[in-house]
Amino acid sequence: MSISPFKLERFFAKYEFSAKYLLSSSDIESLGMDELLKMGSPETLALWKSLRLGYTESQGNPQLRNEIAKGYENIRPEHVMIAAPEEAIFVAMHTLLEPGDHVIALSPTYQSLYEIARSIGCSLSSWDLQPGENRWTIDLDKLEDCITDRTRLLVINFPNNPTGFLPSRQEFDSILTIADKHGLRIFSDEMYRQLEPEPSLRLPSVSDLYSRGISLSGLSKSYALPGLRIGWLTTREYGLIERCITFKDYTTICNSAPSEILAIIAVQNTARIVARNLEIIRANTIIAKQFFDQHSDRLAWIPPRAGSIAFPRWLGPEPLAEFANELIEKQGIMIVPGNIFDYPGNHFRLGLGRINLNEALERVDEYLLDTSNKRLASSQDI
Ligand SMILES: Cc1ncc(COP(=O)(O)O)c(C=O)c1O
């Protein structure tokens, strides 16, 4: 198998543990071990204390699958397979796809959602989100135009990484209707689901509504627990979970025993953890909007509808790559430029989940002021 490097992960590998400020992280300020354990019930704390570190069940801890299923309408514990989120994408794509299949993937999105299909030998069409007036938009006619008689899979990701786009319920239903009309499976990455500023915006899980749908969720984003490496696939399609488990024998076989117990505690406390995370995002969104308004000559804010990230646009005279390089070299601030997402147009990703956002934006402010002053001085020299 030959697979292209994962641009975002390589970019993060370079800066994640060396840059002072990470302005483009998609995850939320992570919870501490003590904070999570404080949420444990006497029963889960007893499980934690008595845990033996043996192999675990391939499909995932039954109690964890039971807790996860409670968060869905039509999913039962047997419709759930636990794996690290990135692993779950790899397993699902290898289970669903054959060389020569045609796949349509929303763009921009997380690279593995289309790159693994490419590495399997599938042909790809990207269904592009468009930056509209003050919001991201999708065009359903364009989705229909991408469909051929070889199309097997539609890959969607709402709330979207990196734009924060979330379709309306009507648009969402139309996507399912189009997929159904053409007999497509849907892989729905729902890693940022529950991070909607209003509960009324939350869309159902595709795996709840669509019989050929397979959804991905997990603890890395909405639960602020990426270090547990726990995610899950849900599907009601007959036999699909068993096929995924069979493939997983070649990846991790089973999950980390301590992580599964901690995940039970997290899922039992979903409402509390999500509320904590939404509060961080809400406060940061206000700060970011004010900052972008102050710098509207060089930065254009495109508000995210949900999730923990935005994908604003750089309008300055220097190329975006130069802005990003100078920020990291002079101010120790990492931003991820849009080309890392194979997306044109001078966008960059802005994370809204870290508690030092304000401090990082103050450093960006210093940089922007400094470059404006230098430009002014050089124009006066002439
Ligand atoms: C949309 C999306 N799906 C899946 C993943 C993978 O999650 P993890 O890194 O926890 O495996 C990410 C991580 O950034 C993501 O943004």
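**Student:** Could you give an account of the overall build of the protein, naming the residues involved and the relevant values?
**Tutor:** When helices and strands are tallied, the protein shows 14 helices and 16 strands. Against the globule reference of 21 Å for 382 residues, the protein gives a C-alpha radius of gyration of 21 Å, in line with a compact fold. The C-alpha extent of the protein, read off along each of the three principal axes, is 75 × 55 × 40 Å. The buried share of the protein, reckoned over its 382 residues, is 56%.

**Student:** Could you give an account of the site of the ligand, naming the residues involved and the relevant values?
**Tutor:** Looking at the ligand, there are 13 residues lining it, with Asn 161, Asp 189, Ser 220, Lys 221 and Arg 229 nearest. Between an oxygen atom of the ligand and a side-chain N or O atom of Asn 161, the distance comes to 2.7 Å. Between Arg 229 and the ligand, the recorded distance is 2.8 Å, taken from a side-chain N or O atom to an oxygen atom. For the shell around the ligand, the residue count by class is five nonpolar, four polar and four charged.

**Student:** Report on the pattern of salt bridges, specifying residues and quantitative values.
**Tutor:** Taken as a whole and assessed by the stated rule, the structure comprises 19 salt bridges. With a shortest N-O distance of 2.8 Å, Glu 78 and Arg 76 are connected by a salt bridge. Among the residues examined, Glu 78 registers a relative accessible area of 40% and is labelled partly exposed. Residue Arg 76 is classed as partly exposed on the basis of its relative accessible area of 46%.

**Student:** Can you explain the sheet that holds strand β2 (residues 80–83)? Please cite residues and give values.
**Tutor:** Read from one edge of the open sheet, seven strands run β2-β10-β9-β8-β7-β3-β4, paired in mixed fashion. Because the sheet does not close on itself, it has two edges, and the strands there are β2 and β4 (123–128). When strand polarity is set aside, the average angle formed by the axes of neighbouring strands in this sheet is 20°. Alignment of strand β9 (residues 213–218) against strand β10 (residues 231–235), held across five bridges, turns out to be antiparallel. Following the sheet pairing, Leu 216 is matched in β10 by Leu 233. Those strands touched by helix α10 (residues 240–248) are β2, β8 (185–189), β9 and β10, and its axis lies near 20° from that of β2.

**Student:** Lay out the pairing of β10 with the relevant residues and their values.
**Tutor:** When you tally the buried positions in β10, you get five out of five residues, the bulk of the element. Residues Gly 231, Leu 233 and Thr 235 line one face of β10 and the alternating positions Trp 232 and Thr 234 line the opposite face, and both faces are buried.

**Student:** Give me the sheet that holds strand β15 (residues 336–337): which residues, what numbers.
**Tutor:** Adjacent strands of a sheet pair through backbone hydrogen bonds, lying either parallel or antiparallel. The three strands are arranged β12-β16-β15 in an open sheet whose pairing can be described as antiparallel. Only two strands of the sheet have a single partner each, and these edge strands are β12 (309–310) and β15. Pairing of β12 with strand β16 (residues 348–351) involves two bridges; the strand directions are antiparallel. Pairing of Ala 310 across the sheet is with Leu 350, part of β16.

Criteria and cut-off values
- Residues numbered from 1 in each chain as written.
- Predicted model: local features only at pLDDT ≥ 70, side-chain atom pairs only at ≥ 80, totals over all residues.
- Heavy atoms only, no water.
- Helix = DSSP H or I, 4+ residues; strand = E, 2+ residues; numbered from the N terminus.
- Rg over C-alpha atoms; globule rule 2.2 N^0.38 Å.
- Buried < 20%, exposed > 50% of the residue type's maximum accessible area, 1.4 Å probe, protein only.
- Near = heavy atom within 4 Å.
- Polar contact = N/O pair within 3.5 Å; in protein donor to acceptor, adjacent residues only side chain to side chain.
- Nonpolar A, V, L, I, M, F, W, Y, C, P; charged D, E, K, R; others polar.
- Salt bridge = Lys/Arg side-chain N within 4 Å of Asp/Glu carboxyl O.
- Pairing = 2+ DSSP bridges.
- Axes fitted to C-alpha atoms, helices over the stretch in contact; angles between N-to-C directions.
- Contact = heavy atoms within 4.5 Å.

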